[in-house]
Amino acid sequence: MSHTASHVVIGASRGIGNDLAKQLFEQNAGGTIVGTMRKADESVLPKGVQIESLDMTKQSSVDSCAAKFGAIDTLIVNAAMGSPDTMLGSDASLLSSYLETNVVGTHRAVLAFLPALRKGKKKQIILLSSTSGSCDLQRNEPSGFQGPYSVSKTATNSLGIQYHNELKDEGFTVLLIHPGWVATDMGKQINDGRGAKTTQQSASDILKILSNLKPEQSGSYLRETGEPLNW
Ligand SMILES: NC(=O)c1ccc[n+]([C@@H]2O[C@H](COP(=O)([O-])OP(=O)(O)OC[C@H]3O[C@@H](n4cnc5c(N)ncnc54)[C@H](OP(=O)(O)O)[C@@H]3O)[C@@H](O)[C@H]2O)c1
C-alpha cells in the first residue's frame, strides 16, 4: 500500500529526531508523521506516529522503507553518528564509517525518497548539519566535535548545496540546519551535556524555522535560532 506523509523523520528512536517526530505529531498539522528507526520500537513515540524500520547504511532497508510512500511533503534527515574523535587518531576505517553513515547514508535516503518528495506538496529536504561542518568556524577551534565528524558534516553541507542546485527549478527547498548543542547521547559526550539545550527546545526551535520556511531560503545553512552560519 502506498502512503502519503506530511513529514518523514529519519532517526526518530532517540535524541533530537525523537522530539521532532513527537512535536510534529502534537502539532497535529494534518497528514501522517513518520519516524524511522534502525530497530522499530513503538514505545518511544506517541500512538499515531507511523513507525518504519530504516538503516541508512543499508541500501535494501532504505529502499524498502521509501517504496511504501507515494507522496511526502518534508523529509528530515536527522540520523547521524558522532563522537569527539580527532582526525589523526582516526584510521581509514573509522573515517569510512562516518562518511558511510552521515554522507553516503544521507544521499541514499534522499535518492530513495525523491520520487515521493517530487509528488509531495512542499518538496522540502531538511538535513541536520552542525557548526562542526563549517570550515570557517572550525579553523583554530579548540573544542567540540572535530575530526571525522566535522569532515562528514562539511560534506553534508556540500550535499545540501548540490541538491539545492539540482532541485530548485522543480520547486524544492533544501535546508541545512544546526540544532544547537543539545543534551542527547551524542551531545552529552561534551561536558556531560552541562549547559546544552534540551531536545524539546532544540526540536521546537527547528520546527519554528520549518513552519515559516520559504523556497527562497533553499540552500541556506542556519543555526536553530534562524541566524545564518558561515560555510
Ligand atoms: N546533539 C548535538 O549537540 C548536535 C549538535 C550538532 C548537530 N547535531 C546533529 O543532530 C542530529 C541528531 O543528533 P542527536 O544528538 O539527536 O544524536 P543521537 O542522540 O546520537 O541520535 C542519533 C540518531 O541517529 C540514528 N542513527 C545512527 N546511525 C544510524 C543509521 N545508520 N541508520 C539510521 N539511523 C541511525 C540513531 O538511531 P539508533 O537509536 O538506532 O542508534 C538515533 O536515532 C545529527 O545529525 C547530529 O549530527 C547534534
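Rules of the game
- Just so you know, the residues in each chain are numbered from 1, in the order the chain's sequence is written.
- Local features in this predicted model are restricted to residues whose pLDDT is 70 or higher, and side-chain atom pairs enter the listing and the counts only when it is 80 or higher, whereas totals over whole chains, interfaces and linings include all residues.
- Note that water and hydrogens are dropped before the side-chain values are worked out from all heavy atoms of the structure.
- Helix numbering and strand numbering both begin at the N terminus, where a helix is a DSSP run of H or I of at least 4 residues and a strand a DSSP run of E of at least 2.
- Within these notes, the globule rule equals 2.2 Å times the number of residues to the 0.38 power, and the radius of gyration is based on C-alpha atoms.
- Under the scheme applied here, a residue whose accessible area is under 20% of the maximum for its type counts as buried, over 50% as exposed, and between as partly exposed, the area being computed with a 1.4 Å probe on protein chains only.
- Two residues form a contact once any of their heavy atoms are found within 4.5 Å.
- Each accessible area is a Shrake-Rupley estimate made with a 1.4 Å probe; only the visible protein chains count as cover when residues are assessed.
- Charge assignment in this entry is limited to Lys and Arg as positive and Asp and Glu as negative, and neither His nor the chain termini are counted.
- Where a charge lies is defined by one atom per residue type: Lys uses NZ, Arg uses CZ, Asp uses CG and Glu uses CD.
- Each axis is a line fitted through C-alpha atoms, taken for helices only over the stretch in contact, and angles between the N-to-C directions span 0 to 180 degrees.
- Angle categories are assigned with fixed cut-offs, so that under 35 degrees is roughly parallel, over 145 is roughly antiparallel, 65 to 115 is roughly perpendicular, and the rest are oblique.
- Each crossing gets its hand from how the near helix is turned against the far one by less than a right angle, where anticlockwise is left-handed and clockwise is right-handed.
- For this classification, the nonpolar set comprises Ala, Val, Leu, Ile, Met, Phe, Trp, Tyr, Cys and Pro, the charged set comprises Asp, Glu, Lys and Arg, and every other residue, Gly included, is treated as polar.
- Helix span, as expected, comes to 1.5 Å for every residue beyond the first.
- Being near a molecule or strand, for a residue, comes down to having at least one heavy atom within 4 Å of it.
- Here a polar contact is taken to be a pair of N or O atoms separated by no more than 3.5 Å, where protein atoms must pair a possible hydrogen donor with a possible acceptor and residues adjacent in sequence count only if both atoms sit in side chains.
- Any carboxyl oxygen of Asp or Glu that lies within 4 Å of a side-chain nitrogen of Lys or Arg is treated as forming a salt bridge with it.

Q: Got a minute to help me understand the overall build of the protein chain in this structure?
A: For the protein chain, the helix and strand inventory stands at six helices and seven strands. Walking the protein chain from its N terminus toward its C terminus, one meets helices and strands in the order β-α-β-β-α-β-α-β-α-α-β-α-β. For 231 residues, the compact-globule estimate of 2.2 N^0.38 gives 17 Å, and the protein chain sits close to it at 16 Å. Overall, the C-alpha framework of the protein chain stretches about 50 × 40 × 35 Å when taken along its three principal axes. Among the 231 residues that make up the protein chain, the fraction classed as buried is 50%. Sequence separation of 24 or more characterises 67% of the internal contacts of the protein chain that already satisfy a separation of 6 or more. Surface exposure of the protein chain reaches about 10900 Å², of which carbon and sulfur atoms provide 50%. Between the mean site of the 22 positive side-chain charges and the mean site of the 22 negative ones, the protein chain shows a separation of 3 Å.

Q: Is there a simple way to explain the packing of helix 2 (residues 59–66) against helix 3 (residues 92–119) in this structure?
A: What describes two packed helices is the angle between their axes and the distance between those same axes. In the contact formed by helix 2 and helix 3, the axes pass within 9 Å of each other and the chain directions differ by 30 degrees. Judged on the interaxial angle alone, helix 3 and helix 2 are roughly parallel. The handedness of the crossing between helix 2 and helix 3 comes out as right-handed. Residues Q59, V62, D63, C65 and A66 of helix 2 pack against R108, A109, A112 and F113 of helix 3. Class assignment for the residues of the contact of helix 2 with helix 3 results in six nonpolar, one polar and two charged.

Q: Is there a simple way to think about helix 6 (residues 199–211) in this case?
A: Side chains of residues three or four places apart in an α-helix project in the same direction, reflecting 3.6 residues per turn. With 13 residues, helix 6 should cover 18 Å at 1.5 Å per step; its first-to-last C-alpha distance of 18 Å lies within 8% of that length. Along helix 6, the residues classified as buried are T199, S202, A203, D205, I206, L207, I209 and L210. Summarising the contacts, the buried residues of helix 6 are in contact with helix 1 (15–27), strand 4 (69–77), strand 5 (124–128), strand 6 (173–177) and strand 7 (220–222).

Q: I keep staring at the site of the ligand and nothing clicks. Help me out?
A: Near the ligand there are 28 residues, and of these S13, R14, R38, Y149 and T184 occur at the shortest range. One of the side-chain nitrogen or oxygen atoms of T184 is found 2.5 Å away from an oxygen atom of the ligand. Mapped by element, the contributors of at least two residues to the shell around the ligand are helix 1 and helix 5 (147–167). Residue classes in the shell around the ligand are distributed as eleven nonpolar, twelve polar and five charged.

Q: What's the story with the pattern of salt bridges in this structure? I'm lost.
A: Charged atoms that come close allow side chains of opposite charge to pair. This model, assessed by the stated rule, comprises nine salt bridges. Residue K58 pairs with D55 through a salt bridge whose shortest N-O separation is 3.2 Å. The exposure class of K58 is partly exposed, given its relative accessible area of 46%. With a shortest N-O distance of 2.8 Å, E170 and R118 are connected by a salt bridge. Separated by 52 residues along the polypeptide, E170 in the loop between helix 5 and strand 6 and R118 in helix 3 bring together distant segments of the chain.

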